Amino acid sequence: DAEITQSPRHKITETGRQVTLACHQTWNHNNMFWYRQDLGHGLRLIHYSYGVHDTNKGEVSDGYSVSRSNTEDLPLTLESAASSQTSVYFCASSDGDPWGEQYFGPGTRLTVT
Amino acid sequence: DAKTTQPPSMDCAEGRAANLPCNHSTISGNEYVYWYRQIHSQGPQYIIHGLKNNETNEMASLIITEDRKSSTLILPHATLRDTAVYYCIVRPYSGGGADGLTFGKGTHLIIQP
């Protein structure tokens, strides 16, 4: 069955380190998204992509970057991890209307110490 | 200003229908009603969406009032696995961008055995 996966599921890193979170989907969806979820803030959009080589900044993009070299993957990089980036990160994908039916991965819990 | 209003929590007996209300009195003519849910420690899950007609799929039914100012999500035979936070979202088809999917506080539905 087609699916969307994230790795690692849990990560602990130190302040200042570069971290990359992986997202892989097998639905062949054009649209992919990264969100973070924190208590009291709900879901917040970090970056999104409408297709290969397309990337766009979301509401909370500072300190994060993405690249889209193929349809299946949208890795999220924290250039220099900060304690404020401790969060649960969700990747999502969609086809057709990008902002309607989004299908989410299981999440990555990142702790920056 | 919040576009939707939902009760913070609801209980439902296992096997009974769960009816989750949502008020969206300022909805515009081109805006759809979407429902998602998030089971504890999992990614959000798309359930259903509609514009003005009632909709049904394998998970749920969506009843939208004629004036479109409110809607009800119906889980016909709730199980313990339906315990989750349910989010009602109003947004235009294909509309969006940097704000992504905006989840409010949702309704915490607890299915009682």
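Above this text you will find the structure in question.
Can you help me understand the overall build of chain A in this one?
A tally of regular secondary structure across chain A gives zero helices and eleven strands. Helices and strands in chain A line up, N terminus first, as β-β-β-β-β-β-β-β-β-β-β. With the C-alpha coordinates aligned to their principal axes, the bounding extent of chain A is approximately 40 × 30 × 25 Å. Looking at chain A as a whole, 50% of its 113 residues are labelled buried. Long-range contacts, defined as pairs at least 24 residues apart, comprise 55% of the intrachain contacts of chain A with a sequence gap of at least 6.

Help me understand the interface of chain B and chain A, please; the structure alone is not making it clear to me.
Size of an interface: often given as the accessible area lost when the parts come together. Of the residues lining the interface, 21 residues belong to chain B; the matching set on chain A comes to 18 residues. Carbon and sulfur atoms supply 54% of the area buried between chain B and chain A, which totals about 1500 Å² over both sides. The interface formed by chain B and chain A holds zero salt bridges in total. Taken together, chain B and chain A are joined by five residue pairs in polar contact (both at pLDDT 80 or more). Looking at the side of chain B that touches chain A, the elements with two or more residues in it are strand S3 (31–38), strand S4 (45–50) and strand S8 (84–92) of chain B. No other element matches S3(B), which puts three residues into the side of chain B that touches chain A. In terms of residue class, the side of chain B that touches chain A is made up of nine nonpolar, ten polar and two charged.

Cut-offs and rules
Residues numbered from 1 in each chain as written. Chains lettered and ligands numbered in written order. Predicted model: local features only at pLDDT ≥ 70, side-chain atom pairs only at ≥ 80, totals over all residues. Heavy atoms only, no water. Helix = DSSP H or I, 4+ residues; strand = E, 2+ residues; numbered from the N terminus. Buried < 20%, exposed > 50% of the residue type's maximum accessible area, 1.4 Å probe, protein only. Contact = heavy atoms within 4.5 Å. Buried area = accessible area lost by both parts, 1.4 Å probe. Salt bridge = Lys/Arg side-chain N within 4 Å of Asp/Glu carboxyl O. Polar contact = N/O pair within 3.5 Å; in protein donor to acceptor, adjacent residues only side chain to side chain. Nonpolar A, V, L, I, M, F, W, Y, C, P; charged D, E, K, R; others polar.

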